[in-house]
Protein chains: 2
Amino acid sequence: MIGAVFTEDGKMLSDITVPTGMPEDTMPALLSFFSKYTISAIGVSSFGPLQLTKGSPEYGTITSTPKPGWKNYPLGRTLGDTLHAPFAVETDVGGALIAEINEGAGRGCDTCVYATIGTGIGSAFIDRGKLTGTLRHATMGHIIVKPHPRDPFPDGFCSFHKGCLEGLASGKSMQTRWGMTVRDLPGSHISWEIESYYLAQFCVSLILGYMPERIILGGGVMKHPDLLPMIRQKVQVMLGEYLNLPEVHDDIDRYIVRAELEGKNGILGAFYIAKQILNKRGVYNE
Amino acid sequence: MIGAVFTEDGKMLSDITVPTGMPEDTMPALLSFFSKYTISAIGVSSFGPLQLTKGSPEYGTITSTPKPGWKNYPLGRTLGDTLHAPFAVETDVGGALIAEINEGAGRGCDTCVYATIGTGIGSAFIDRGKLTGTLRHATMGHIIVKPHPRDPFPDGFCSFHKGCLEGLASGKSMQTRWGMTVRDLPGSHISWEIESYYLAQFCVSLILGYMPERIILGGGVMKHPDLLPMIRQKVQVMLGEYLNLPEVHDDIDRYIVRAELEGKNGILGAFYIAKQILNKRGVYNE
């Protein structure tokens, strides 16, 4: 877990990295770091699943995680009560999108999708300044997709779903299917053809479902240099002339783009989440 | 086309039905009907595609329809200029959702999906009072789905996409595939197994992508009495224990529900769209 203290105008004063052990080890280290400062607002960008219903007494609690000790841990409230400051909590994917829209690849967008294709697959959507999702955080990471005809494991490897996106296209599923890491798969390998086919389907669903101004793709799998161009090309083919979106057909390199803040979108997201509390301009989720 | 005049509190004073011929025949009939009244606001719930960018000079224009004469027809502006009143335009699916959320199956919801499974398939999503979609109206009608193993035509019948939902599960595609209308297909026919499989996938994508408080299904195909229970059951199986949503696992009969205003959601939607102009309370899209 990374903690950082910022001034309100975004200057980082100090930061700390604490391994995510059991809460009784991790939290005191974080809290003693923060307690040296007078904190006016706390922003949290966390792994989930999270209880994010505003007004709920469990708001900001981690729910059903398999991480030992963190199940039902009241992360937001513990920080808020100890540091005597208001707190706001989002998922890590939502936090990454908030960071990208404020100072990364989503600058200037009123509606924007961020999707991460790493060990797992997640997405977040901001519509007119607010993250979408009432029952839970909205994410298309587990939508069911059409299998590629040359995929040797068309059911995929998700423990919850047969044939969902995460089970077919996450970095973990690629490694399970091909027996090597994403980094080791050569560019000419059939895996990239299959991977781009699934991620193009994903982008088509993101476009149709959200009609956003931009789609930002991040995560370790996207580091493969040929993947993004392959996805863009397949999205154009799959959507075809339906809708005739000029953003897709004439300007896709500026429509489906690479994340710009990878490695720091967690801490920057948390900063902007905290800033929303102090400053209800721009992107916030209340 | 149906026109109606309402009082601000929702009493219908009179209405007219005019066949959708060429605009030069249809519009004068509508306009002369309306011109007998002093109109304070105009709401339009129309077939699309529509230009719906607020502030655009083409706002409220029908764009690329195959209907003769209506391509690029400025429907909103023609009504507004002739009747000297402010106008607001939404798609028919968006209008139906606005009606359902105001006085139908979506009452009390802050976030709600409406999907129509008829000749075609469309959907609309209201998030905290506003319809979603920036480039265009957001609709998951053409998302790509996983083919049913017993579907004899797994590519479907959409002229734009191979294997999209509308091409596989619309009333038109069912009729093309089975050679009889939805009304004539017996309840024991394999078609309903296949249809519910596709529509359950659709609902899973709607849930994941929007995390709405409720999903409302309407349209002619949904009239088959066994279909909705089959969809509900398959949604529970397909989502599995992922997310553990109590709305899906414990209360699905109140979560995925039938539309209540079919046959009148067009005119009621138009009324509520007009009312948004006069009365910026409740559901509106500005």
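Quick notes on the rules
Residues numbered from 1 in each chain as written. Chains lettered and ligands numbered in written order. Predicted model: local features only at pLDDT ≥ 70, side-chain atom pairs only at ≥ 80, totals over all residues. Heavy atoms only, no water. Helix = DSSP H or I, 4+ residues; strand = E, 2+ residues; numbered from the N terminus. Rg over C-alpha atoms; globule rule 2.2 N^0.38 Å. Buried < 20%, exposed > 50% of the residue type's maximum accessible area, 1.4 Å probe, protein only. Contact = heavy atoms within 4.5 Å. Areas by Shrake-Rupley, 256 points an atom, 1.4 Å probe, with all protein chains shown as cover. Buried area = accessible area lost by both parts, 1.4 Å probe. Salt bridge = Lys/Arg side-chain N within 4 Å of Asp/Glu carboxyl O. Polar contact = N/O pair within 3.5 Å; in protein donor to acceptor, adjacent residues only side chain to side chain. Nonpolar A, V, L, I, M, F, W, Y, C, P; charged D, E, K, R; others polar. Expected span 1.5 Å × (residues − 1). Disulfide = S-S within 2.5 Å. Axes fitted to C-alpha atoms, helices over the stretch in contact; angles between N-to-C directions. Parallel < 35°, antiparallel > 145°, perpendicular 65-115°, else oblique. Left-handed = near helix turned anticlockwise from the far one by under 90°. Phe/Tyr/Trp six-rings, centres within 6.5 Å; stacked < 30°, edge-to-face > 60°. Lys NZ or Arg CZ within 6 Å of the ring centre and 35° of its normal.

A few points about the overall build of chain A
Scanning chain A from N- to C-terminus turns up 10 helices and 9 strands. A globule of 286 residues ought to have a C-alpha radius of gyration of about 19 Å, and chain A, at 19 Å, matches this closely. C-alpha atoms of chain A, sized along the principal axes, occupy 55 × 40 × 30 Å. For chain A, the residues scored as buried account for 57% of the 286 residues in total. A sequence separation of at least 24 residues applies to 62% of the contacts in chain A between residues at least 6 apart. Carbon and sulfur atoms form 52% of the exposed surface of chain A, whose accessible area is close to 11,900 Å².

Quick look at the interface of chain A and chain B
Counting residues at the interface gives 46 residues for chain A and 46 residues for chain B. Taken together, both faces of the contact between chain A and chain B bury some 3,800 Å²; the carbon and sulfur share is 60%. When residues of chain A are sorted by the area they lose upon contact with chain B, A:L135, A:I144 and A:Y242 head the list and together hold 18% of the total. Joining chain A to chain B, the criterion identifies 0 salt bridges. Remark: the boundary between chain A and chain B carries 18 residue pairs in polar contact (both at pLDDT 80 or more). Those elements that provide at least two residues to the side of chain A that touches chain B are β6 (121-127), β7 (130-131), α6 (190-210), α7 (227-239) and α8 (246-249) of chain A. In terms of residue count, the dominant contributor to the side of chain A that touches chain B is α6(A) (6 residues). Split by residue class, the side of chain A that touches chain B holds 22 nonpolar, 14 polar and 10 charged.

What about helix α3 (residues 92-103) of chain B?
All names here are of chain B. Relative to the 16 Å expected for 12 residues at 1.5 Å per residue, α3 spans 16 Å between its end C-alpha atoms, a close match to the ideal helical length. Buried residues dominate α3, accounting for 9 of its 12 residues. Taken together, the buried positions of α3 are occupied by V93, G94, G95, A96, L97, I98, A99, E100 and I101.

Structural notes on the state of the cysteines
Overall, the coordinates contain 0 disulfides over all chains when judged by the stated rule. There is no disulfide at A:C109, and the cysteine sulfur nearest it, in A:C112, is 4.4 Å away.

Regarding the packing of helix α6 (residues 190-210) of chain B against helix α7 (residues 227-239) of chain B
Residue and element names in this part refer to chain B. For the pair α6 and α7, interaxial distance at closest approach is 8 Å and the crossing angle is 55°. Comparing the axis directions of α6 and α7 gives the class oblique. Note that α6 runs across α7; the crossing there is right-handed. On α7, the residues touching W192, E193, E195, S196, Y197, L199, A200, Q201, C203, V204, I207 and L208 of α6 are L227, M230, I231, K234, V235, M238 and L239. Per-class residue counts for the contact of α6 with α7 are 14 nonpolar, 2 polar and 3 charged.

A short note on unusual backbone geometry
All names here are of chain A. Backbone torsion omega between G48 and P49 reads -5°, so that peptide bond is classified as cis. Structurally, P49 is set in the loop between β3 (42-46) and α2 (75-83). Phi is positive for N72, close to 65°, though the residue is something other than glycine. Within the fold, N72 resides in the loop between β3 and α2. You will see that R128, though not glycine, has its phi angle at about 45°, which is positive. By the secondary structure assignment, R128 is in the loop between β6 and β7.

A closer look at the environment of A:D251
All names here are of chain A. You can see D251 is positioned in the loop between α8 and α9 (252-255). Owing to a relative accessible area of 30%, D251 belongs among the partly exposed residues under this scheme. With 139 residues separating them in the primary sequence, D251 and C112 have C-alpha atoms 16 Å apart.

Brief notes about the packing of aromatic side chains
Enumeration over the complete set of coordinates arrives at 23 aromatic pairs over all chains. Centroid distance A:F160 to B:Y242: 5.5 Å. Interplanar angle 55°. Geometry classified as tilted. On the criterion of chain membership, the pair formed by A:F160 in the loop between β7 and α4 (165-169) and B:Y242 in the loop between α7 and α8 (246-249) is interchain, its members lying in two chains. Under the relative-accessibility criterion, A:F160 is labelled partly exposed at 40%. For B:Y242, a relative accessible area of 13% corresponds to the buried category. A centroid spacing of 5.1 Å and a plane angle of 70° characterise the contact between B:W70 and B:Y73, whose relative ring orientation is edge-to-face. Through a chain of ring-to-ring contacts, three or more aromatic side chains come together here, namely A:F125, A:Y210, B:F125 and B:Y210. It is A:K67 that lies over the ring of A:F47; its NZ or CZ is 4.5 Å from the centre.

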